[in-house]
Amino acid sequence: MKDKAPPVRITIASENALMIRFGNESGATTSARIQAAATLLRTSLGGVLTELVPGFTTLLVIYEPLSTEPLLLRRRIANLLAQLEGTPPATGKLLELPVYYNPESGPDLERIARHSGLTIEEVIHCHSSRDYRVLAIGFAPGFAYLSELDERLALPRLASPRLKVPRGAVAIANRQTAVYPQSMPGGWNLIGLCPTQLFKPTAKSPLPFSVGDRVRFVPIDRKAFLDQGGEL
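All values derive from a computational prediction rather than experimental measurement.

**Student:** In this structure, what is going on with the layout of surface pockets? I would like to understand it.
**Tutor:** Over the atoms rolls a probe the size of a water molecule, and its path tells where empty space is left. Quantified by volume, the second largest pocket comes out at close to 360 Å³. Mapped onto the lining of the second largest pocket, the elements with two or more residues apiece are helix 1 (28-44) and strand 3 (49-54). For the lining of the second largest pocket, the element with the most residues is helix 1, which contributes five residues. A per-class count over the lining of the second largest pocket returns nine nonpolar, three polar and two charged.

Quick look at the structure:
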């Protein structure tokens, strides 16, 4: 029998926001619950809702304060979320991202292989052989925290972050993996490059994924990487 999901807690976060907490453990199951809740609230709250901001274990509900009272909205949200109890979690859409895995494109790949006791080919297979759940999108636009990484590949962040990580760098830190959507400083371990542009600020949908979606990495060779617009 599966453990019952922890109950949600809804608290007042500000004069126009409520915070929904889905327990204390982040992961694929919690992310799926947050995604299901966000979908339900987005379709049910209408003009009351201003914005939803998902986190690792939370969902911030920002609302129009002239349209409702916080205690009434909290009760309404609690009743809506009760509808989700016992329903199977949503799987989210699947996004496949090509990756050129190579010491040329992933300067930490060989070190990760030595640390894990695996060959470079085994590291690539290990990283690309599972689907990852989008847990949260943060510290830069389009930067998605993906989990859970195989524990054999888990490494802490670098002691001294790089001043410049290239756009499309595929990286790991602890039990998470991510793709840098643009060039920026960063302290994650780099294992490859993805040619796909993940953040398009002028597009109708700037990001190709949302919290709760799944990402799968597909190994490609150097030529395919360059043909798809990648830069070395």
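**Student:** Where do I start with the packing of aromatic side chains in this structure?
**Tutor:** For any pair of aromatic rings, the description rests on two quantities: the centre-to-centre distance and the angle between the ring planes. Counted under the stated rule, the structure contains seven aromatic pairs. Both rings, one in Phe143 and one in Tyr180, keep their centres 5.3 Å apart while their planes meet at 80°; by these two values the pair is edge-to-face. With Phe143 in strand 7 (residues 143-147) and Tyr180 in the loop between strand 10 (176-179) and strand 11 (184-186), the pair connects residues that are 37 residues apart, well separated along the chain. Residues Phe143 and Tyr180 agree in their burial class; the two are buried. Between Phe143 and Trp188, the aromatic rings sit 5.4 Å apart at their centres with planes inclined by 90°, giving edge-to-face as the arrangement. Placement of the pair is Phe143 in strand 7 and Trp188 in the loop between strand 11 and strand 12 (189-193), with a sequence separation of 45 residues. Considered together, Phe143 and Trp188 belong to a single accessibility category, that of buried residues. One aromatic cluster is present, built from ring pairs that chain together Phe56, Phe143, Tyr145, Tyr180 and Trp188.

**Student:** I would appreciate a short explanation of helix 3 (residues 109-116) in the present structure.
**Tutor:** Taken together, the buried positions of helix 3 are occupied by Leu109, Ile112, Ala113 and Ser116. One side of helix 3 carries all its buried residues, which in axial view fall inside an arc of 100°. If you follow the buried residues of helix 3, they end up packed against strand 5 (94-101), helix 4 (120-128), strand 9 (169-173) and strand 12. Just downstream of helix 3 lies Gly117, where phi reads positive at about 75°.

**Student:** Please clarify how the pattern of salt bridges should be interpreted in this entry.
**Tutor:** Oppositely charged side chains may form a pair once their charged atoms are brought near each other. A complete count under the given rule lists 11 salt bridges for this structure. The shortest N-O distance in the salt bridge between Arg222 and Glu104 comes to 2.9 Å. Pair noted here: Arg222 is in helix 5 (residues 222-227) and Glu104 is in the loop between strand 5 and helix 3, with a separation of 118 residues, a long-range link. The exposure class assigned to Arg222 is partly exposed, which follows from its relative accessible area of 38%. Assessed through its relative accessible area of 41%, Glu104 is described here as partly exposed. Notably, a salt bridge pairs Asp227 with Lys223, separated by 2.7 Å at the nearest N-O pair. With a gap of four residues between them, Asp227 and Lys223 both fall in helix 5, about one helical turn apart. The exposure class of Lys223 is exposed, given its relative accessible area of 58%.

**Student:** How should I be thinking about unusual backbone geometry in this particular structure?
**Tutor:** Among all residues save glycine, negative phi is the norm, and among peptide bonds the norm is trans. With omega at 5°, the peptide bond leading from Ser147 into Glu148 counts as cis. For Asn174, which is not a glycine, the phi torsion comes out positive at approximately 55°. Tracing the backbone through its elements, the reader meets Asn174 in the loop between strand 9 and strand 10. Since its relative accessible area comes to 39%, Asn174 is described here as partly exposed.

**Student:** Even after reading the chapter, I still don't get the environment of Gly55, so can you show me in this structure?
**Tutor:** On the secondary structure map, Gly55 appears in the loop between strand 3 and strand 4 (58-63). Once you skip the residues sitting within four places of it in the chain, Gly55 turns out to touch Ile34, Leu135 and Ala136.

**Student:** For this particular structure, what's the right way to read the nonpolar core?
**Tutor:** One broad trend across soluble globular proteins is that nonpolar side chains are buried collectively. Grouped together as the largest cluster of nonpolar side chains are 27 residues, with contacts concentrated most on Leu97, Leu153 and Phe217. Residue assignment for this core shows that the elements contributing at least two residues are strand 5, helix 3, helix 4, strand 6 (132-138), strand 7, strand 9 and strand 13 (214-219). Broken down by element, this core gets its largest block of residues, four residues, from strand 5. Among residues more than four places away in sequence, those in contact with Leu97 are Val179, Cys194, Thr196, Leu198, Val215, Arg216, Phe217 and Val218. Of all hydrophobic cores here, the second largest spans 20 residues; its members include Leu18, Val48, Leu49 and Tyr63.

Rules and cut-offs
Residues numbered from 1 in each chain as written. Predicted model: local features only at pLDDT ≥ 70, side-chain atom pairs only at ≥ 80, totals over all residues. Heavy atoms only, no water. 1 Å grid on protein atoms, 1.4 Å probe; cavity = no way out; pocket = protein on both sides within 12 Å on 5 of 7 lines; lining within 4 Å. Points joined across faces, edges and corners; volume = space filled by probe spheres on them. Helix = DSSP H or I, 4+ residues; strand = E, 2+ residues; numbered from the N terminus. Nonpolar A, V, L, I, M, F, W, Y, C, P; charged D, E, K, R; others polar. Phe/Tyr/Trp six-rings, centres within 6.5 Å; stacked < 30°, edge-to-face > 60°. Buried < 20%, exposed > 50% of the residue type's maximum accessible area, 1.4 Å probe, protein only. Arc of directions from axis to C-beta. Contact = heavy atoms within 4.5 Å. Salt bridge = Lys/Arg side-chain N within 4 Å of Asp/Glu carboxyl O. Core = buried A, V, L, I, M, F, W, Y, C linked by side-chain atoms within 4.5 Å.

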